[in-house]
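Fold and geometry: a report
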Amino acid sequence: MTPRDRVPRLAAAAAFVLIVLVAIPLAIRASHRTDLYYTLSSVALLSIASAGVWLTFYIGRINIGQGAYALVGGYVSAILVTTYSLSFWLSLPLAGLFCALVSAVIGLPILRLRGVYFAMVTLVLTEVARLSALALGITNGAKGITNIPPPGPISLFGLTLVPSFDSFAERNLAFYILSVVMMILCFAALYRLVNSRIGQLFAAMRQNEELASSMGVNVPALRVLAYAISSFFGGVGGAIFAAIAQSIYPSSFTVNDSVNFMLNCFLGGLSYVFGPMLGTLVLYFGWDLLFQTGEYQLLIYSGVMILLMLLLPNGLLSLRLGARKGS
Amino acid sequence: MAPIIEVKDLTKRYGGLVAVNDVSFDVQEHEILSIIGPNGAGKSTIFKLISSFVKPTQGRVTFRGKIISGLAPHVVARKGVVRTFQETTIFKGLTARDSVIVAHHLRSHASLPGFYLGTALARRDEAEFGHSSDEILEFLGLGEVRNEIASNLPQGHLRALGIAVGLAADPQVLLLDEPFAGMNHDETNRAVEMVRAVRDRGVTLMLVEHDMAAVMKISDRIVVINFGVKIAEGTPAAIQKNDKVIEAYLGVEDETIGL
């Protein structure tokens, strides 16, 4: 990347940060639609999980199992906060790391599969996670974990960096800021990853794993790395979700969610890092808008999805970036 | 001089099928050695065994005296034995230049986290990969098309790109699987020159190839495989006169039916 095209990119990123962190909260305050905070927080968190799915697409694997890691992440954070009285802020990275670790163990054998076979195994993972949550003692079975306390303060050397969420008059706004900041961090990290040499190696693996390993690339290790990062995103998204809802149940993330994470990527565009973000936004609001059509909701929704995939196989972002080289 | 590659009693069985049967031969440093034989003779399987993409049922392959058969393919590549593939197997969606840059993996000094963070070492690596890729592309006559997506390139360029990708891995031994397939006469002549130039860079080459004219022109020695068994080994001139080879390619003269 030359310094010259770095400037407009940085400007676009800065504008985006200003819009989501300043303009949108101001607009919501002016219109008194504070319920939108919750909706937009959900979109931000779901897009983090979708970004993870996007990364597995990037190495050439169809991942329909992200719901499992979102669920595991939610439970890990909830259990650490309630049972072990750990700070939410510590439980958040731990939830992500736990998911990354679990996915590395699971990924080692299943990432050898490709195409529909890998997809089928991941589809089962979500159901395995749900049933485990139902069966295990530590997850409290079908009753789930409720009354999760909101995030406490972050203090460093006696200096309070983030006040306790209890102290906020508008707790929804605090959660919105948290979700959006996490989303920005995750997508920035993903953007850097994809545009680094690691991303180049991932792309090469997607094109041809045999040739990549013939060039000395440790393909099995890099596959697991990509999948672990993907699951880390799922776990982080799920953990914040549990904190916002202050509860987590076995049915908090189901196969439906796993499928939606994947659809978000398709809709936004698999060649664009920010595809899953746009896809999640459009899909989430699209589904809600269609609510008024009652019994026809699913019919219209499915029809539109099929049409979009036929007309825009490279996703919504291909409309704007069509002329540009995908990276 | 000790051989760079030593293939010893190599056997590969797939169930009841013996794809490679007790094959032994040596490859000398800076040599161009071709493996030929009728379709399905087991040539490609020998390549897969040498590059360790499949494990031998019996026997072994050594590289500079050390056993490499049974190691993971990327470890074998790391040691300096690099294989390119049959058909037009390249990184289809990448540009020619990016394909070659990616293939520089083994020359990295920086670690993966280093590349992520963009350390000075990683930036130096990246600059070096860029220069080296341009040099290799130029060397193989791909300078003009470096920014084309690989899948849009014509046959001749694709084969050259395959060799370029192999060269980028800095091999000591480069295994080329049918480098001249699908080429016309002129393209083949150019490719033959290319392979010779690669050897002159100090690389030992092994080829699996069907184009007999090209094989005879380019090879220092030839190993002939039929039904998984080595039936002859020698210089192109000797192979052309070898009865067993003629028999394998043209069939037995059978006097009873008047042939």
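Our structure's up above, just so we're on the same page.
In this text the structure is predicted, and so the values were computed from the model without any measurement. (Residues numbered from 1 in each chain as written. Chains lettered and ligands numbered in written order. Predicted model: local features only at pLDDT ≥ 70, side-chain atom pairs only at ≥ 80, totals over all residues.)

Topic: the overall build of chain A
For chain A, the helix and strand inventory stands at 13 helices and two strands. Computed over the C-alpha atoms, the radius of gyration of chain A is 20 Å, within 12% of the 20 Å expected from 2.2 N^0.38 for a compact globule of 327 residues. The C-alpha extent of chain A, read off along each of the three principal axes, is 55 × 55 × 45 Å. The buried share of chain A, taken over its 327 residues, is 45%. Relative to all contacts within chain A whose residues are 6 or more apart in sequence, the contacts with residues 24 or more apart total 77%. (Helix = DSSP H or I, 4+ residues; strand = E, 2+ residues; numbered from the N terminus. Rg over C-alpha atoms; globule rule 2.2 N^0.38 Å. Buried ≥ 20, exposed ≤ 12 C-beta atoms within 10 Å, placed from the backbone. Contact = placed C-beta atoms within 7 Å.)

Some points on the sheet that holds strand S1 (residues 5-14) of chain B
Residues and elements named next belong to chain B. Pairing in this open sheet of four strands is antiparallel, and the strands run S2-S1-S4-S5 from one edge to the other. Strands with a single pairing partner mark the edges of an open sheet, and in this sheet they are strand S2 (17-27) and strand S5 (66-67). Here S1 runs beside S2; their pairing, made up of seven bridges, is antiparallel. From the neighbouring strand, Ile-5 faces S2, where its bridge partner is Val-27. Those strands touched by helix H1 (residues 43-50) are S1, S2 and strand S4 (58-63), and its axis lies near 115° from that of S1. (Pairing = 2+ DSSP bridges. Axes fitted to C-alpha atoms, helices over the stretch in contact; angles between N-to-C directions.)

Looking at the interface of chain A and chain B
In this complex, chain A contributes 20 residues to the contact, which on the side of chain B involves 26 residues. When residues of the side of chain A that touches chain B are traced back to their parent elements, those giving at least two are helix H6 (171-194), helix H7 (197-207) and helix H8 (209-214) of chain A. The dominant element in the side of chain A that touches chain B, judged by the number of residues it contributes, is H7 of chain A, at seven residues. Considering only residue class, the side of chain A that touches chain B consists of nine nonpolar, eight polar and three charged. (Nonpolar A, V, L, I, M, F, W, Y, C, P; charged D, E, K, R; others polar.)

So, unusual backbone geometry
All names here are of chain B. Of note in this structure, Asp-9 is not a glycine but carries a positive phi near 50°. Counting through the fold element by element, Asp-9 comes out in strand S1. Asp-9 sits in the exposed class, given 12 other C-beta atoms within 10 Å. Of note, Phe-227 is a non-glycine position whose phi angle comes to about 50°, a positive value. Phe-227 gets classed as partly exposed once you count the C-beta atoms within 10 Å, which come to 15.

Things to note about the sheet that holds strand S9 (residues 221-226) of chain B
All names here are of chain B. What the six strands build is an open sheet, ordered S6-S7-S8-S3-S9-S10; its pairing is mixed. With one partner strand each, in any of the chains shown, strand S6 (81-83) and strand S10 (229-234) form the two edges of the open sheet. Taken over all neighbouring pairs, the strand axes of this sheet differ in orientation by 15° on average, direction set aside. Where S9 lies against S10, five bridges are found, and the strand directions are antiparallel. Of the residues in S10, the one forming a bridge with Val-224 is Ala-232. With respect to the sheet, helix H7 (residues 185-200) is in contact with strand S3 (32-36), strand S7 (173-177) and strand S8 (204-208), its orientation differing from that of S8 by roughly 150°.

Side note on the environment of Arg-146 of chain B
Residues and elements named next belong to chain B. Tracing the backbone shows Arg-146 in the loop between helix H5 (120-139) and helix H6 (155-168). Residues Arg-146 and Ser-99, spaced 47 residues apart in sequence, show a C-alpha to C-alpha distance of 9.5 Å. When residues no more than four places from it in sequence are discounted, the contact partners of Arg-146 are Thr-95, Ala-96, Arg-97 and Leu-137.

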